[in-house]
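Structure at a glance
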Amino acid sequence: MHPSRWLPLVTIVLAAPAHAGSPADAARIRKEFTLLNERWELQIKAAPDAAAQQELLKKRPDAQAAATEMWNCLRPSLAEDWTLEPGAWLLRIAAAQAGKPSATPGAPKAPLAEAATKIREAVEKYHLRSPKLAPMCLSLVGGQDPGALSLLQKIEAQNPDPKVQGVAALGQAMILKGIGDDGDAMKKRLTLLRKAIINAGDQEVEGVSISHLAEDELYIILHLSKGREAPDLAGTGTGGQQMKLSDYKGKVVVLLFWNTTSLADPDQFFDIADSLQKKFAGKPVALVGVNNDPRTTLRAMEVQKDTRVDWPNFSDPENKLGNEYRVGTRPLAYVLGKDRSIQYFGAPGSFVELAVDALLSESKPAAGK
């Protein structure tokens, strides 16, 4: 879905009482963090070797600190509609940082979960009819707030702007994607996507086309829903060797889309990959990565001493393979059956292992056979 000057982050005092901010304050906080992050990503790409990259990964700009500063800016003014756009940005940060430790040693965890809840409550209380709700509708999709779907339904029903209604419909369709693939859910998703395209297909939110998002969701329904045969992938590894996903026919495949700059907690990510390989060693299970870092970055990680990247990876710097799976947020895991049928997709972690366990159990011959 997606060269800067150095601008230091303003020091955050998490315990300080909130004071009324302004649109200019909110814009500054967002700009400073965006520039910091862009500078950091450029440093990662320009690092001379894997060791330098590993050190830089530990110095990722502190998103929780930036989000906390934004929250202190917005909190006294949530009834004012200027808070909607920066509030949507904060929700995206909160979703990406859920459960992650602060990058600032000794700093308390920023109250991002509380912020997300309070922002949602303010939208419902003050802003259901605002014409500025489109960015908020999409930001509600990324979090784990159980009230997000209900709020999007209220926005669709009560907002007088057809374009906002359309974006709210798209948000609902995207949330329902993770709830189930039964016939009723599919019918509901298709109805919502149709409304999104008709009402808001000509709109862009944060530089992203609503029609493009809706078309991606339609593609996912047709080609990437549970039980569908996953698209085959064909490309090259970091050494130039030819690779195809179909080469793993007969194995349960964990297809892992990732890159270095998406890892809020690199050690946790690599621990998950290590655990997966150890647990299923000697069984018909393959961990296969799709990485869209520059090829030299991935290659350096594979060949360094004591490497933690010891599984095969498609090198996908132009994101062509990621686009085939309509990958937005990384890391993202697909669990594929031995026939390449999609059985699970979501964040790497315990649900991936449970899905693999279930597929291996299903393939065991019955007792006495």
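These numbers come from a predicted model, not from an experiment. Each residue is numbered by its place in its chain's sequence as written, counting from 1. Given that this is a predicted model, residues contribute local features only at a pLDDT of at least 70 and side-chain atom pairs are listed and counted only at 80 or more, while totals for whole chains, interfaces and linings are drawn from all residues. Think of the side-chain values as coming from all heavy atoms in the structure, minus any hydrogens and water.

What follows deals with the packing of helix α8 (residues 162-176) against helix α9 (residues 183-200). For the pair α8 and α9, interaxial distance at closest approach is 8 Å and the crossing angle is 150°. Judged by the angle between their axes, α8 and α9 are roughly antiparallel. Once α8 is placed against α9, the crossing between them reads as left-handed. Across from Pro162, Lys163, Gln165, Gly166, Val167, Ala169, Leu170, Gln172, Ala173 and Leu176 in α8, the residues of α9 making contact are Lys188, Arg189, Leu192, Leu193, Lys195, Ala196, Asn199 and Ala200. Gly counts as polar in this scheme, as do all residues outside two lists: the nonpolar Ala, Val, Leu, Ile, Met, Phe, Trp, Tyr, Cys and Pro, and the charged Asp, Glu, Lys and Arg. Taken together, the residues of the contact of α8 with α9 break down into ten nonpolar, four polar and four charged. Lines fitted to C-alpha atoms define the axes, with helix axes restricted to the stretch in contact, and inter-axis angles between N-to-C directions lie between 0 and 180 degrees. By definition, any uninterrupted DSSP run of H or I lasting at least four residues is a helix, any uninterrupted run of E lasting at least two residues is a strand, and each is numbered from the N terminus. For classification purposes, angles smaller than 35 degrees are called roughly parallel, those larger than 145 roughly antiparallel, those between 65 and 115 roughly perpendicular, and all remaining angles oblique. Crossing handedness: left-handed means the near helix sits turned counterclockwise from the far one by under a right angle, and right-handed means the same turn made clockwise. A contact between two residues is defined here by any heavy atoms of the two lying within 4.5 Å.

We now examine helix α10 (residues 210-223). By this rule the span expected of a helix is its residue count minus one, scaled by 1.5 Å. End to end, α10 covers 20 Å across 14 residues, agreeing with the expected 20 Å (1.5 Å per residue, within 8%). Within α10 the residues assigned to the buried category are Ile210, Leu213, Ala214, Asp216, Glu217, Ile220 and Ile221. The arc that holds the buried residues of α10, viewed along the axis, is 155°, so those residues lie on one side. Working definition: with a 1.4 Å probe on protein chains only, accessible area under 20% of the residue-type maximum means buried, over 50% means exposed, and in between means partly exposed. Directions are taken from the helix axis to each C-beta atom, and the arc is the one they span.

Turning next to the sheet that holds strand β5 (residues 252-258). By this definition, two strands are paired if DSSP reports at least two bridges between them. Pairing in this open sheet of five strands is mixed, and the strands run β7-β6-β5-β8-β9 from one edge to the other. For this open sheet the edge positions go to β7 (313-315) and β9 (342-346), each flanked by a neighbour on one side alone. Within this sheet the neighbouring strands show an average axis-to-axis angle of 15°, counted without direction. The strands that helix α12 (residues 295-303) touches are β5, β6 (285-291) and β7; relative to β7, the one it contacts most, it runs at about 155°.

The subject of this paragraph is unusual backbone geometry. Geometrically, the link from Arg330 to Pro331 is a cis peptide bond, its omega value of -5° lying close to zero. Within the secondary structure layout, Pro331 lies in the loop between α13 (320-324) and β8 (332-336). Of note in the backbone geometry, Glu206 takes a positive phi value of approximately 55° without being a glycine. On the accessibility criterion, Glu206 (38% relative accessible area) is partly exposed. A positive phi angle, close to 65°, is found at Asn319, a residue other than glycine.

This paragraph deals with empty space enclosed by the protein. Only protein atoms enter the 1 Å grid, on which a cavity is a set of points fitting a 1.4 Å probe that cannot get out and a pocket is an open set with protein on both sides within 12 Å along at least 5 of 7 lines, lining residues being those with an atom within 4 Å of a point. Grid points are joined across faces, edges and corners, and a volume is the space filled by probe spheres set on the points. By volume, the largest cavity amounts to about 70 Å³. Along its surface, the largest cavity is lined by Val254, Leu256, Phe269, Ile272, Ala273, Leu276, Leu287, Pro348 and Val352. Of all the elements in the fold, those that place two or more residues in the lining of the largest cavity are β5 and α11 (266-279). When residues in the lining of the largest cavity are grouped by element, the largest group, four residues, is from α11. As for the second largest cavity, its lining consists of Leu74, Leu78, Thr83, Leu84, Gly87, Ile119, Ala122, Val123, His127 and Met136. Taken together, the elements giving at least two residues each to the lining of the second largest cavity come down to α4 (84-97) and α5 (112-126). Among the elements that make up the lining of the second largest cavity, the one with the highest residue count is α5 (three residues).

Within soluble globular proteins, side chains that are nonpolar generally end up buried alongside one another. Definition of nonpolar core: a set of buried residues of the types Ala, Val, Leu, Ile, Met, Phe, Trp, Tyr and Cys, connected through side-chain atoms within 4.5 Å. Counting residues in hydrophobic clusters, the biggest one holds 57 residues, and the most contacted among them are Leu90, Met136, Ile155 and Leu170. Of the residues forming this core, the biggest block, nine residues, is contributed by α8.

What follows concerns helix α6 (residues 134-142). Buried residues dominate α6, accounting for seven of its nine residues. Buried within α6 are the following residues: Ala134, Pro135, Met136, Cys137, Leu138, Ser139 and Leu140. On the buried face of α6, the contacting elements are α4, α5, α7 (148-158), α8, β1 (204-205) and α10.

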